[in-house]
Amino acid sequence: MRRVGWVRILVWTGITLAVALVAVVLTSWWTVQRSMPQTEGTIRLAGLDGEVTVLRDGNGIPQVYADTSNDLFFGQGYVQAQDRFFEMDFRRHVTAGRLTELFGQSALKTDEFVRTLGWRRVAEQELALLAPDTRRYLDRFAAGVNAYLEDRDGAEISLEYAVLGLQGVETTPEPWEAADSLAWLKAIAWDLGSNMDDEITRSLLSTTLSTAEIDSLYPPYPYAENQPIVTQGAIVDGVFEQDATGNGSRLPERPAYLSAGREALLRAKTARRSLDGLLGRGDGLGSNAWAVSGEHTASGAPLLANDPHLAPTMPGVWYQTGLHCNEVSQECPFDVSGFSFAGLPGIVIGHNADIAWGFTNLYPDVQDLYLEKVTGDKVLYDGKRRPLTTRQETFSIAGTDELTTITVRESRHGPLISDVDDNLGDVGVNAPTEPSSPARDDGYAVALQWTALTPGRTADALFGINAATDWTEFRAAARNFEAPSQNLVYADTAGHIGYQAPGRIPVRRSGNGDWPVPGWDPAYDWAPNYVPYDALPSVLDPDDGYVVTANQAVTKKNYPFYLGSSFDYGYRSERIRGLLETRQDLTPGDMTAIQLDDFSALAERLTPMLRSIRLDDAYYQRGQEVLHRWDFRMNGNSSGAAYFNAVWDELLDLTFSDQLPADALPEGGSRWWAVMEDLVNDPDSAFWDDVNTPVVEGRNDILRRALMQGRDDVTELSSRNPVDWRWGMLHQLTLRNQSLGSADSPVAFLFNRGGYELGGGPSVPNATSWDATVGFEVSAVPSMRMVIPLDDLDAARWINLTGASGHAYNDHYTDQTDLWARGKTLPWVFTADAVNKSTEQRLTLAPAG
């Protein structure tokens, strides 16, 4: 009997555990499924004047149709909230400096930095500047978002809220507001418009390196080898004229102020690091975009291609959609498709029925750091103490009743960002100063002047571009594209191609923005006006029939206004141009093939030198032999690419780690290609010497060590046998949820996806970058790829890094990622008949009642 009793206990225990397991599975399934949106049928909503039709194809990508612009943007807001609201809400918390409300004390430093910059405050100020129609579109988009949120708690909106709710976080989201949409433009401007790190690094390096050595780490753009974007034209009477041949002259500059305020600069750099990590900013961000005139294409019509290079995220940064007025009119002028950001109405990159456009980052210098002599609540300027502007910022901490308050201080130049981090001791202690500088006393603070902190009208520009029908209207809209400054690439169905540089770019009275400058000296203030829009480079139908932009220098050296010095060094752009010029019958397929090109110009130049180095040990020789049969391509299956990148990683470390501080070590991108190209031609440079050894090393000594240590690295990470080496095995992509997908998150597995083995690398057209200070993991990617044939918009090819949905476990969460990783693209039609034929899900949003 006793035995039977134990059997019964075991049976009932098993049944109980099974029931519990089933309950857990069912609860988990229900938790996931309850946030999945309705994409078919009819939903009645208050706030609509007429019906909105949402047609989704087999990849869940929506096309929205409405009779009025009010209903069109209401529909866009509703659909974006269906697919991506948690991403929108997370971005809202980032840009408002309110992450502590979701993630607690650990996010406080990031919030303090963002509040100090004041992104949300500036966005609110911009609302009053916008055209009435733009404001109306933003408000209607917000109304659509809020219609979706109504009567839903957080867990019914997204799985992330369910997870946060388990931690005691309030997960019922606030209503969406127009300023929430504008604030994300500030984050993008920060991501794409900042050379602040370079200013800080130059100043910090000046304490240990000579000016000549620092300059060698920031070589000038190689105009003799790599063309700028615009190769024709000049400024005549203040206007850039594309057919002018005058050389012009650069505006005079005063000498830049060198190093001062080392600790203050370190504080500034520390303060921004967590934000940059959150946004994914770093080496490798950039883009490719080009347009080819019909004289070079098989169809006789222009082709336009674009692939922006950004940090990988889960979901991807882009949200793909089509916006169509049922009848295009002055009141409802939109018939447009492309990519936008979740939380932003309209289309950022794409095409309408008449024109297509793409962006790459212009890399303008629109930020300057000012060293400020602060005593108490006063700052020195022009020989007098002036009051600082102050405001209080208060933060709520998730899961507690705790409130934290800081005081934000601003000088005439901008917020004192060195106030944000208080872990580095007194500002200015032991800082090197110029003889004419004021006494250190309490030290120097650092203020940031940045064009994006002045309210602007970029949102007007986006809607204007969406509705433009020709080059004249496109340029007129781009006039308001103030931040971030982008290279705008254009093509139209009438057969034209073009380029326009827009944006607020400061005119400096002194210096060139490469170094921090003394805030107490008015000679270093910006001039009252920016570079005039009409003086910025612009060209319609360039003589050679190409517009090629890949973040390289914008125009010739003799352009009179200083635009910046942080451009890409032109390796990608030259490769793209070279491939385009080999054919006169280019097709959309050729454009995609160029986007995927992985030929490395650096490898072509450096590998012969690596092959020539003598290695005595057979083990190391077997590794080196891989380079003898390598074609210089960063193919994911290439053993040569695996070994070369390992050697390159070690070469950077061996050359610079003994002489540069940790914050200045090379990440390995375009600038470091240019540095190393110069350095290998100087075998006795002091940078080759390892200062930690008693002997003086030269170039070949360091190359030999790099070859040997690179061999050891690949062996450890992959295999002893070079036959087994593959670049993709080392160079993997993990898509991480920005909020809950960090490496130490216990729930990361719910949201992250990876690892995808990739080819490509930095400064090749297929720009899958990696950071040499971290490892070979992919740190920036072509975040989408787009090719538009202007003779047949239904034949356009598209691919997104992830899927349309931001819901983990939705069928469209990563349904495009495998295709993207294999270099494939999808058709995505435009015309109404073609869209109807491709539709797999139809949703009608109807007025309530």
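Keep in mind that this is a model prediction, so the values were computed, not measured.

Procedures and definitions
- Residues numbered from 1 in each chain as written.
- Predicted model: local features only at pLDDT ≥ 70, side-chain atom pairs only at ≥ 80, totals over all residues.
- Heavy atoms only, no water.
- Disulfide = S-S within 2.5 Å.
- Buried < 20%, exposed > 50% of the residue type's maximum accessible area, 1.4 Å probe, protein only.
- Phe/Tyr/Trp six-rings, centres within 6.5 Å; stacked < 30°, edge-to-face > 60°.
- Helix = DSSP H or I, 4+ residues; strand = E, 2+ residues; numbered from the N terminus.
- 1 Å grid on protein atoms, 1.4 Å probe; cavity = no way out; pocket = protein on both sides within 12 Å on 5 of 7 lines; lining within 4 Å.
- Points joined across faces, edges and corners; volume = space filled by probe spheres on them.
- Nonpolar A, V, L, I, M, F, W, Y, C, P; charged D, E, K, R; others polar.
- Pairing = 2+ DSSP bridges.
- Axes fitted to C-alpha atoms, helices over the stretch in contact; angles between N-to-C directions.
- Contact = heavy atoms within 4.5 Å.
- Polar contact = N/O pair within 3.5 Å; in protein donor to acceptor, adjacent residues only side chain to side chain.
- Salt bridge = Lys/Arg side-chain N within 4 Å of Asp/Glu carboxyl O.
- Patch = residues over 30% accessible without salt bridge, like charges linked within 9 Å, V, L, I, M, F, W, Y side chains within 5 Å.
- Areas by Shrake-Rupley, 256 points an atom, 1.4 Å probe, with all protein chains shown as cover.
- Lys, Arg positive; Asp, Glu negative; His and termini not counted.
- Charge placed at Lys NZ, Arg CZ, Asp CG, Glu CD.

Engineer: Would you take a moment to explain the state of the cysteines for this structure?
Structural biologist: Going through the model one piece at a time under the given rule, you end up with one disulfide. Paired through a disulfide, Cys-325 and Cys-332 show a sulfur-sulfur distance of 2.0 Å. When the S-S torsion is -85°, as for the bridge of Cys-325 with Cys-332, the disulfide is left-handed. This pair shows no difference in class: Cys-325 is buried, exactly as Cys-332 is.

Engineer: Sorry, what's going on with the packing of aromatic side chains here?
Structural biologist: Each aromatic ring pair is characterised by the separation of its centres together with the angle its planes make. Per the counting criterion, the structure on display carries 36 aromatic pairs. With a centroid separation of 5.3 Å and an interplanar angle of 35°, the aromatic rings of Trp-630 and Phe-644 are classed as tilted. Of this pair, Trp-630 sits in the loop between α17 (618-628) and α18 (639-656) while Phe-644 sits in helix α18; the two residues are 14 residues apart in sequence, bridging distant segments of the chain. A relative accessible area of 2% places Phe-644 in the buried class. An aromatic cluster is built from Trp-318, Phe-339, Phe-341, Trp-798 and Trp-828, whose rings are joined through pairwise contacts.

Engineer: Just to check I follow, could you spell out empty space enclosed by the protein for this structure?
Structural biologist: The rolling of a water-molecule-sized probe over the atoms marks out the regions of remaining empty space. By the definition in use, this model includes 11 cavities of 30 Å³ or more. The space that makes up the largest cavity amounts to roughly 340 Å³. As for the largest cavity, its lining consists of 27 residues, of which Ile-188, Leu-192, Leu-310, Trp-318 and Phe-341 are closest to the centre. Where the lining of the largest cavity is concerned, the elements lending two or more residues are α8 (178-192), β6 (286-292), β7 (303-310), β11 (355-361) and α12 (458-467). Looking at which element gives the most residues to the lining of the largest cavity, the answer is α8, with six residues. The residue makeup of the lining of the largest cavity, split by class, is 18 nonpolar, seven polar and two charged.

Engineer: Could you clarify how one ought to interpret the sheet that holds strand β1 (residues 41-45) in this entry?
Structural biologist: By way of backbone hydrogen bonds, the strands of a sheet pair with one another, either parallel or antiparallel. Reading across from one edge, β1-β32-β2-β3-β8-β9-β10-β11-β18-β19-β23 is the order of the 11 strands in this open sheet, with mixed pairing throughout. Strand pairing shows two members of the sheet lacking a second neighbour, β1 and β23 (538-540), which therefore form its edges. Going from strand to strand, the sheet's axes swing by 20° on average, the running direction of each strand aside. Two elements, β11 and strand β18 (residues 486-492), share seven bridges in a ladder whose sense is antiparallel. Bridging across to β18, Thr-360 finds its partner in Asn-487. Packing against the sheet, helix α2 (residues 69-95) makes contact with β1, β2 (52-56), β3 (62-66), β8 (318-325), β9 (335-341) and β32 (841-847), and its axis sits at approximately 170° to β8.

Engineer: Would you mind showing me how to read the environment of Ser-485 here?
Structural biologist: Of note, Ser-485 is situated in the loop between α13 (471-478) and β18. For Ser-485, a relative accessible area of 4% translates into the label buried. For the pair formed by Ser-485 and Ile-505, sequence separation is 20 residues and the distance between their alpha carbons is 8.0 Å. Not counting the four nearest positions on each side in its chain, Ser-485 is found in contact with Asn-361, Leu-362, Pro-364, Pro-502, Gly-503, Arg-504 and Ile-505. Separated by 3.5 Å, the side chain of Ser-485 and the backbone oxygen of Pro-502 make a polar contact.

Engineer: Please explain α12 as it appears in this structure.
Structural biologist: Because an α-helix packs 3.6 residues into every turn, residues spaced three or four apart end up facing the same way. For α12, the buried fraction is high: eight of the 10 residues fall into the buried class. Within α12, burial applies to Thr-458, Ala-459, Asp-460, Ala-461, Leu-462, Phe-463, Ile-465 and Asn-466.

Engineer: Before we go on, may I ask you to explain the pairing of strand β13 (residues 378-381) in this structure?
Structural biologist: Examined bridge by bridge, strand β12 (residues 367-375) and β13 share two bridges and lie antiparallel to one another. Across the sheet, Thr-375 pairs through a bridge with Lys-378, a residue of β13. Linking β12 back to β13 in an antiparallel pair, the connection comprises two residues, with Gly-376 at a positive phi of about 65°. Looking at chain direction, β13 and strand β14 (residues 384-387) are connected through four bridges and run antiparallel. Paired with Val-379 across the bridge in β14 is Arg-386. Connecting β13 to the antiparallel partner β14 that follows it, the hairpin turn spans two residues, and Asp-382 within it adopts a positive phi of roughly 55°.

Engineer: Explain the pairing of β18 to me, please; I cannot follow it from the model alone.
Structural biologist: Consecutive side chains along a regular strand alternate between the two faces of the sheet. A large share of β18 lies buried, amounting to seven of its seven residues. Neither face of β18 is exposed, since Gln-486, Leu-488, Tyr-490 and Asp-492 on one face and Asn-487, Val-489 and Ala-491 on the opposite face are all buried. Where β18 and strand β19 (residues 497-500) come together, four bridges link them in antiparallel fashion. Considered in β19, the bridge of Leu-488 is made with Gln-500. Hairpin remark: β18 followed by β19, antiparallel, with four residues in the connecting loop; positive phi at Gly-495, about 105°.

Engineer: For this particular structure, what's the right way to read the side chain of Glu-126?
Structural biologist: Summarising the element assignment, Glu-126 is placed in helix α5 (residues 119-127). At a separation of 3.0 Å, a polar atom in the side chain of Glu-126 contacts the main-chain amide nitrogen of Gly-456. Residues within four places of Glu-126 in sequence aside, it is in contact with Leu-182, Lys-186, Thr-454, Pro-455 and Gly-456.

Engineer: Please explain unusual backbone geometry as it appears in this structure.
Structural biologist: Of all residues except glycine, most have a negative phi; of all peptide bonds, most are trans. In this structure, Pro-315 follows Met-314 across a cis peptide bond, with omega equal to 0°. With respect to the helices and strands, Pro-315 occurs in the loop between β7 and β8. In this structure, the amide linkage connecting Gly-754 to the following residue, Gly-755, adopts the cis form with an omega of -20°. Note on placement: Gly-755 falls in strand β26 (residues 753-757). Positive phi outside glycine occurs at Asp-237, with the angle close to 55°. Relative to the helices and strands, Asp-237 resides in the loop between β4 (234-236) and β5 (239-241).

Engineer: Looking at this structure, how should I read the side chain of Gln-659?
Structural biologist: With respect to the element layout, Gln-659 can be found in the loop between α18 and α19 (670-679). Gln-659 sits in the buried class, given a relative accessible area of 16%. A polar atom in the side chain of Gln-659 sits 3.2 Å from the backbone oxygen of Ala-686. In this view, Gln-659 contacts Leu-209, Ala-686, Phe-687, Asp-689 and Val-691; residues no more than four positions away in its chain are not counted.

Engineer: Would you explain the pattern of salt bridges in this entry?
Structural biologist: Where side chains of opposite charge bring their charged atoms close, a pairing between them can arise. Under the defined criterion, the tally for this structure stands at 43 salt bridges. Several salt bridges share partner residues, and in doing so they unite Asp-89, Arg-92, Arg-120, Glu-124, Glu-177 and Asp-180 into one network.

Engineer: What should I look at first to understand the environment of Leu-606 in this one?
Structural biologist: Within the secondary structure, Leu-606 is located in helix α16 (residues 601-612). It is 9.5 Å that separates the C-alpha atoms of Leu-606 and Trp-648, two residues lying 42 residues apart in sequence. Those residues within four positions of Leu-606 in sequence are excluded, and the remaining contacts are Phe-644, Trp-648, Leu-651 and Val-680.

Engineer: Honestly, a negative patch on the surface in this entry has me stumped. Any pointers?
Structural biologist: On the surface, a cluster of negative charge is made up of Asp-237, Glu-241, Asp-243 and Asp-543. Residue position: Asp-543 is located in the loop between β23 and β24 (546-549).

Engineer: Help me understand the layout of surface pockets in this model?
Structural biologist: A volume near 320 Å³ is recorded for the second largest pocket. Taken together, 20 residues make up the lining of the second largest pocket; nearest its centre are His-413, Gln-449, Trp-450, Leu-453 and Thr-454. Broken down by secondary-structure element, the contributors of at least two residues to the lining of the second largest pocket are α5, β17 (444-450) and β22 (526-530). The greatest single-element share of the lining of the second largest pocket, amounting to four residues, is contributed by β22.

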